[in-house]
Amino acid sequence: MGSDVTAADMAACMSRSYEVQQLAGGVDLCLARVEKVLAGFREIQLLDWQSPAGRAYRNSVALQEVALGKARVRLEEALASVRRHAQAVAASAGNPAGRF
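Bear in mind the structure is a predicted one, so any value in this text is a computation, not a measurement. (Residues numbered from 1 in each chain as written. Predicted model: local features only at pLDDT ≥ 70, side-chain atom pairs only at ≥ 80, totals over all residues. Heavy atoms only, no water.)

Attention shifts here to the overall build of the protein. If you tally the helices and strands in the protein, you get two helices and zero strands. The burial tally for the protein puts 21% of its 100 residues in the buried class. Of the contacts made within the protein by residues no fewer than 6 positions apart, 68% connect residues no fewer than 24 positions apart. For the protein, the accessible surface area stands at approximately 6,900 Å², while carbon and sulfur atoms represent 61% of it. (Helix = DSSP H or I, 4+ residues; strand = E, 2+ residues; numbered from the N terminus. Buried < 20%, exposed > 50% of the residue type's maximum accessible area, 1.4 Å probe, protein only. Contact = heavy atoms within 4.5 Å. Areas by Shrake-Rupley, 256 points an atom, 1.4 Å probe, with all protein chains shown as cover.)

Working definition: two side chains of opposite charge can pair if their charged atoms are close together. Per the counting criterion, the structure on display carries three salt bridges. Residue R72 is joined to E35 by a salt bridge in which the shortest nitrogen-to-oxygen separation is 3.6 Å. Of this pair, R72 sits in helix α2 (residues 52-92) while E35 is found in helix α1 (residues 7-43), placing the two residues 37 residues apart along the sequence. Notably, a salt bridge pairs R72 with E76, separated by 4.0 Å at the nearest N-O pair. (Salt bridge = Lys/Arg side-chain N within 4 Å of Asp/Glu carboxyl O.)

This next bit is on the packing of α1 against α2. Close contact between α1 and α2 brings their axes to 9 Å; oriented N to C, the two are set at 165°. As far as their axial angle goes, α2 and α1 are roughly antiparallel. α1 and α2 meet at a crossing whose hand is left-handed. Each residue belonging to the contact of α1 with α2 can be placed in one class, and the counts come to 20 nonpolar, six polar and eight charged. (Axes fitted to C-alpha atoms, helices over the stretch in contact; angles between N-to-C directions. Parallel < 35°, antiparallel > 145°, perpendicular 65-115°, else oblique. Left-handed = near helix turned anticlockwise from the far one by under 90°. Nonpolar A, V, L, I, M, F, W, Y, C, P; charged D, E, K, R; others polar.)

Below, the discussion takes up the side chain of S17. Structurally, S17 is set in helix α1. Reaching out from S17, the side chain makes a polar contact with the backbone oxygen of A86 at a distance of 3.3 Å. Residues in contact with S17, not counting those within four places in the same chain, are A86, V89 and A90. (Polar contact = N/O pair within 3.5 Å; in protein donor to acceptor, adjacent residues only side chain to side chain.)

What follows covers α1. In this model α1 runs 54 Å from its N-terminal to its C-terminal C-alpha over 37 residues, within 8% of the 54 Å that 1.5 Å per residue would give. Three or more residues of α1 are buried, namely C13, S17, V20, A24, V27, L31, V34, L38 and F41. On its buried face, α1 sits against α2. (Expected span 1.5 Å × (residues − 1).)

Listed below in structure tokens is the structure:
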């Protein structure tokens, strides 16, 4: 069996690339939702509420915002990784040694 890339091999790689690109779209959608929730946290701070309960509420919201911010960073890293993988899969369609 030679190292020739057949049309079927190329089609399979392109199909995998498309699937990985779809995954990237899903991760991107999750990232957009996280951004929307983070913006919502800023809207619910209740800055006029100065009682101890208000401060406790804001502290709780702030902790959740920090945690979600860290998750956003991980999602951004995951999105970049998935996009790189999609490019690698697409590039492997023309490289017999790089087939998956």
